[in-house]
Amino acid sequence: MSQLVANKGSKIIKALGLITLIGVIIAVGRIVLRVFNEKKSEPEDGHNGI
C-alpha cells in the first residue's frame, strides 16, 4: 500500500514540477518579447526640415 501511495505522490510532484517549468519558460519568454518590442526612448536621427 505504501509503495502505491509513494508512486502516486511521485507522479503528482513530477506533474507539478513540469507545470512550474512550463510556467517559468512562458514568463521568461514574455519578458524577452516585451524587451525586444519596446521602442527606444532615444529619438531617431532625422532631419526636422532644417
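Basis of the calculations
Residues numbered from 1 in each chain as written. Predicted model: local features only at pLDDT ≥ 70, side-chain atom pairs only at ≥ 80, totals over all residues. Heavy atoms only, no water. Helix = DSSP H or I, 4+ residues; strand = E, 2+ residues; numbered from the N terminus. Buried < 20%, exposed > 50% of the residue type's maximum accessible area, 1.4 Å probe, protein only. Areas by Shrake-Rupley, 256 points an atom, 1.4 Å probe, with all protein chains shown as cover. Patch = residues over 30% accessible without salt bridge, like charges linked within 9 Å, V, L, I, M, F, W, Y side chains within 5 Å. Salt bridge = Lys/Arg side-chain N within 4 Å of Asp/Glu carboxyl O.

Can you help me understand the overall build of the chain in this one?
Counting its secondary structure elements, the chain contains one helix and zero strands. Out of the 50 residues belonging to the chain, those deemed buried represent 0%. Looking at the chain as shown, the accessible area adds up to about 5,400 Å², and 65% of this sits on carbon and sulfur atoms.

I tried to follow a nonpolar patch on the surface on my own but got confused; where do I start?
Taken together, L18, L21, I22, I25 and I26 make up a surface patch of nonpolar side chains, about 490 Å² in accessible area. Relative to the helices and strands, I26 is located in helix α1 (residues 2–37).

By themselves, these observations are geometric and do not establish any function.
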